[in-house]
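Coordinate inspection notes
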Amino acid sequence: MSAPPVSQANTPAVSEGRYLLDRDRVLGPLFLLPAVVYIVALVGFPLVLAVLYAFSNVTVGDPRIDTFVGFDNFRAVWNDRVFRKALQNTIVFTLISQVIVLILANLLAMILSADFHGKRLVRFLVLLPWTTPVALGVLGWFWLLDSVYSPIDWTLRELGLLGPGTMFGPGSNMYYLGKTTLAQTAVIVVHVWRTLPLATVILLAGLTAIPQDIRDAADIDGAGFWRQLVYIRLPLLLPIMAVATLFATVFAFTDLTIALVLTRGGPVNDTQVLASWAYFKGIQGGDLAQGAAIALFLLPVLVAIAIAMLRLARRSGAEEGD
Amino acid sequence: MATAPSANSAKDTAQYKSHRVFGRTMLYFGATFFAMFAAMPFAWMILTVFKADSDLYDPANNPFIYNDPPTLANLDLLWNETNYRTFLLNTLIVALAVVLITVIAVVPAAYALTRLAGRWGESLGILIFLVYLVPPTLLFIPLTGVVADLGLQNSKWSMVLVYPTFTIPFCTWLLMGFFRSVPWDIEEQAMIDGYSRIGAIWRTVIPVSLPGILTVVIFSFTLTLHEFVYSLAFVQSSGEKTVSVGVFTELIRGDVYFWQALMAAAALVAFPVALLYNYFLDRFISGFTLGAVKG
């Protein structure tokens, strides 16, 4: 415990002097101390350490920061073709998947805000990609897209779409994770699958907060579905949509799990993203310095997102104050 | 805003009805589509668990049915011939330790931010919450160095040390939401009755916020089970691994995949976690809306 329990007597003694711990100015910082120390020591300090790593020559074998090498790591990283590909993939995967998520999340939130039979089951199933540990869910995808035993391939074969002389070519398998375009598509689909529930439930919270009388008034005035969508739902939902998108973007942009479990960056680094490339260089390759330099390329976007969120939070806070 | 009030004629009613039927059909169609998309890998997972080798590894077999009778042999293999039980035990130890650390740090912090810090408490709370968004991807490399310096590499205690870095920020924010709705009169009344501040907190605030603290427990537990990146980076020896990494690295060996056992291992953890999470999800989301939605 952070603060020693003072005066825990079972019978309340009438307090005569004021206890030091009764003062807000003493108790406040004391109560905050454990959490703040934890965050400073294991988030703040490592962040600084990441920067120091990136400018030094540390490796797994020699993790002492003794020699600073300037921008050497960044230069080496930048001149690596795989890195360029990873940077490009990170941006493209995130953009495409989040545009799809934004559209689908609006649809899905609308569905889940209606009443229908089996809604609880649908909600449970729809949320599964977010509520289950991501590594385990992606293992399911990995097996679903297996090169030989994929049930999707079987279905395509049965439908006459796959196999000799058919639409998808002579092979009897698609090799989803073995061909560049298919593997990249698969990664994007799994990103959509994973972040859609998060964006949806955030939107849903916004949707249920639209005052019922506004919707009733619109109904009485005869506003149809599209009119309500364009003039009522979207404008009122805009701030919460921004929040949903920002969060989902953070998770997609910095993801390492999907990249590692589904494709391990393959085929031939074609689905490598910054996070996975940092892992392969820094941990597997043992070059902590270059790994840190690669990961630091994520920072500008993250800072921008954090600022956007602070603004959103401040704006809603200001409205509350009015 | 909406205009043109419609005339209330029979034609309009009929049109309204057909619109409604169309709407309902689309609703069910959409709901089914999304449910299937989300559940697809899990359905395939569960179907696989009970399949015999002879059934599973024949590409000509219909994969959606049991061509050979379903079997429990795969579960037996997973339970008795792999390190799965060790992974489960490690996961449990790590999760419980993380929950404990989180609760100890978060309860006083959230109280201080809602009750003692005044106007800047809310801003500081948001700042702490944003720490939750500092991704493991950015931290796992320097933290690998830190963990090594502390002599914790290859030990499950490295995860116990590091996981609170994301549970504390998130749960502080979560609990602040609870504390905001506590009626403070009862605390003041307890102090008037002669309790010290801490005595009053212990006797009034804590009991009233037990649902909030329970939510903190559930979330730090599930977030710990979800984590993958840190444990992958910190722990290499099989005896110290948790489920999410152990399953991924130990049950796939070279070209030999124990698919049924692998899927069983994933499903056995994924579904209980999903049930827990699902039950508390609304709490989770209210933390995520950043006050952009007033509940």
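Residues numbered from 1 in each chain as written. Chains lettered and ligands numbered in written order. Predicted model: local features only at pLDDT ≥ 70, side-chain atom pairs only at ≥ 80, totals over all residues. Heavy atoms only, no water.

Some remarks on the overall build of chain A
- Regarding its fold elements, chain A presents 13 helices and zero strands.
- Along its sequence from the N terminus, chain A presents helices and strands in the succession α-α-α-α-α-α-α-α-α-α-α-α-α.
- Here chain A has a C-alpha radius of gyration of 26 Å; the compact-globule value for 322 residues is 20 Å, and the former is much larger.
- In terms of its C-alpha atoms, chain A occupies a principal-axis envelope of roughly 95 × 75 × 40 Å.
- Residue burial in chain A is summarised as follows: out of 322 residues, 49% are buried.
- Here the analysis covers contacts within chain A between residues at least 6 apart in sequence; of these, 63% occur between residues at least 24 apart.
- For chain A, the exposed area adds up to about 15,000 Å²; of that, 64% sits on carbon and sulfur atoms.
- With 22 positive and 21 negative side-chain charges, chain A shows a separation of 4 Å between the mean positions of the two kinds. (Helix = DSSP H or I, 4+ residues; strand = E, 2+ residues; numbered from the N terminus. Rg over C-alpha atoms; globule rule 2.2 N^0.38 Å. Buried < 20%, exposed > 50% of the residue type's maximum accessible area, 1.4 Å probe, protein only. Contact = heavy atoms within 4.5 Å. Areas by Shrake-Rupley, 256 points an atom, 1.4 Å probe, with all protein chains shown as cover. Lys, Arg positive; Asp, Glu negative; His and termini not counted. Charge placed at Lys NZ, Arg CZ, Asp CG, Glu CD.)

Here's the deal with the overall build of chain B
- Scanning chain B from N- to C-terminus turns up 14 helices and two strands.
- For 295 residues, the compact-globule estimate of 2.2 N^0.38 gives 19 Å, and the C-alpha radius of gyration of chain B, at 25 Å, exceeds that figure by more than 25%.
- Across the 295 residues of chain B, 55% fall into the buried class.
- Taking the intrachain contacts of chain B between residues at least 6 apart in sequence as the baseline, contacts between residues at least 24 apart amount to 74%.

Looking at the nonpolar core
- Core analysis: the largest hydrophobic core is formed by 197 residues, its most contacted members being A:Leu139, A:Leu262, B:Phe170 and B:Phe284.
- Looking at this core element by element, the count peaks at 18 residues for helix α14 (residues 259-288) of chain B.
- The residues touching A:Leu139, leaving out its near neighbours within four places in the chain, are A:Val261, B:Val247, B:Phe248, B:Ile252, B:Leu262 and B:Met263. (Core = buried A, V, L, I, M, F, W, Y, C linked by side-chain atoms within 4.5 Å.)

Remarks on the side chain of B:Asp55
Residues and elements named next belong to chain B.
- With respect to the helices, strands and loops of the structure, aspartate 55 is situated in helix α2 (residues 53-56).
- Here aspartate 55 occupies a buried position and makes no salt bridge, while the nearest side chain of opposite charge, lysine 51, is found at 4.3 Å.
- Reaching out from aspartate 55, the side chain makes a polar contact with the side chain of asparagine 67 at a distance of 2.9 Å.
- Residues in contact with aspartate 55, not counting those within four places in the same chain, are Asn61, Ile65, Tyr66, Asn67 and Asp68. (Salt bridge = Lys/Arg side-chain N within 4 Å of Asp/Glu carboxyl O. Polar contact = N/O pair within 3.5 Å; in protein donor to acceptor, adjacent residues only side chain to side chain.)

Digging into the pattern of salt bridges
- Counting across every chain of the model gives nine salt bridges over all chains.
- In this structure, a network of salt bridges that share partners links the residues B:Arg115, B:Glu187, B:Glu188 and B:Arg197.

Digging into the environment of A:Ala259
- With respect to the element layout, A:Ala259 can be found in helix α10 (residues 257-263).
- Residue contacts for A:Ala259: discarding those within four places in its chain leaves A:Arg264, A:Gly265, A:Val273 and A:Ser276.

Focus: the interface of chain B and chain A
- Each side of the interface is counted separately: chain B has 110 residues, and chain A has 115 residues.
- Both faces combined, the contact of chain B with chain A buries some 9,900 Å², and carbon together with sulfur accounts for 78% of it.
- Counting every contact that joins chain B to chain A gives zero salt bridges.
- Counting across the interface, chain B meets chain A through 13 residue pairs in polar contact (both at pLDDT 80 or more).
- With 17 residues, the top contributor of residues to the side of chain B that touches chain A is α14(B).
- Tallied by class, residues from the side of chain B that touches chain A come to 86 nonpolar, 16 polar and eight charged. (Buried area = accessible area lost by both parts, 1.4 Å probe. Nonpolar A, V, L, I, M, F, W, Y, C, P; charged D, E, K, R; others polar.)

Re the packing of helix α8 (residues 212-220) of chain A against helix α9 (residues 225-253) of chain A
Residue and element names in this part refer to chain A.
- Closest axis-to-axis distance for the α8/α9 pair is 11 Å, and the angle between their directions is 170 degrees. Here α9 runs roughly antiparallel to α8, going by the angle between their axes. For the pair α8 and α9, contact is made by Ile214, Arg215, Ala218 and Asp219 and by Gln228, Ile232 and Leu236, respectively.
- In terms of residue class, the contact of α8 with α9 is built from four nonpolar, one polar and two charged. (Axes fitted to C-alpha atoms, helices over the stretch in contact; angles between N-to-C directions. Parallel < 35°, antiparallel > 145°, perpendicular 65-115°, else oblique.)

Here's the deal with the side chain of B:Thr137
- Checked against the element boundaries, B:Thr137 lands in helix α6 (residues 136-149).
- We classify B:Thr137 as buried; its relative accessible area is 2%.
- Here A:Thr254 takes part through its backbone oxygen, which lies 2.5 Å from a polar atom of the side chain of B:Thr137.
- Setting aside anything within four residues of it in sequence, one finds B:Thr137 in contact with A:Thr254, A:Leu256, A:Ala275, A:Ala295 and A:Leu298.

Here's the deal with the packing of aromatic side chains
- Under the criterion given, the structure shown has 40 aromatic pairs over all chains.
- Ring centres 5.2 Å apart and planes at 65 degrees place the aromatic pair A:Tyr149 and B:Tyr57 in the edge-to-face group. A residue pair is termed interchain when its members come from two chains, as with A:Tyr149 in the loop between α5 (134-144) and α6 (151-158) and B:Tyr57 in the loop between α2 and α3 (73-81).
- Classification of B:Tyr57 by relative accessible area gives partly exposed; the value is 28%.
- Relative to B:Phe64, the ring of A:Trp154 has its centre 6.0 Å away and its plane inclined at 70 degrees; by these criteria the two rings are edge-to-face. Note that A:Trp154 is positioned in helix α6 and B:Phe64 in the loop between α2 and α3, a pairing that runs across two chains.
- Assessed through its relative accessible area of 13%, A:Trp154 is described here as buried.
- Sitting above the plane of the B:Trp173 ring, B:Arg180 keeps its charged end 5.8 Å from the centroid. (Phe/Tyr/Trp six-rings, centres within 6.5 Å; stacked < 30°, edge-to-face > 60°. Lys NZ or Arg CZ within 6 Å of the ring centre and 35° of its normal.)

All we've got here are geometric facts, nothing functional implied.
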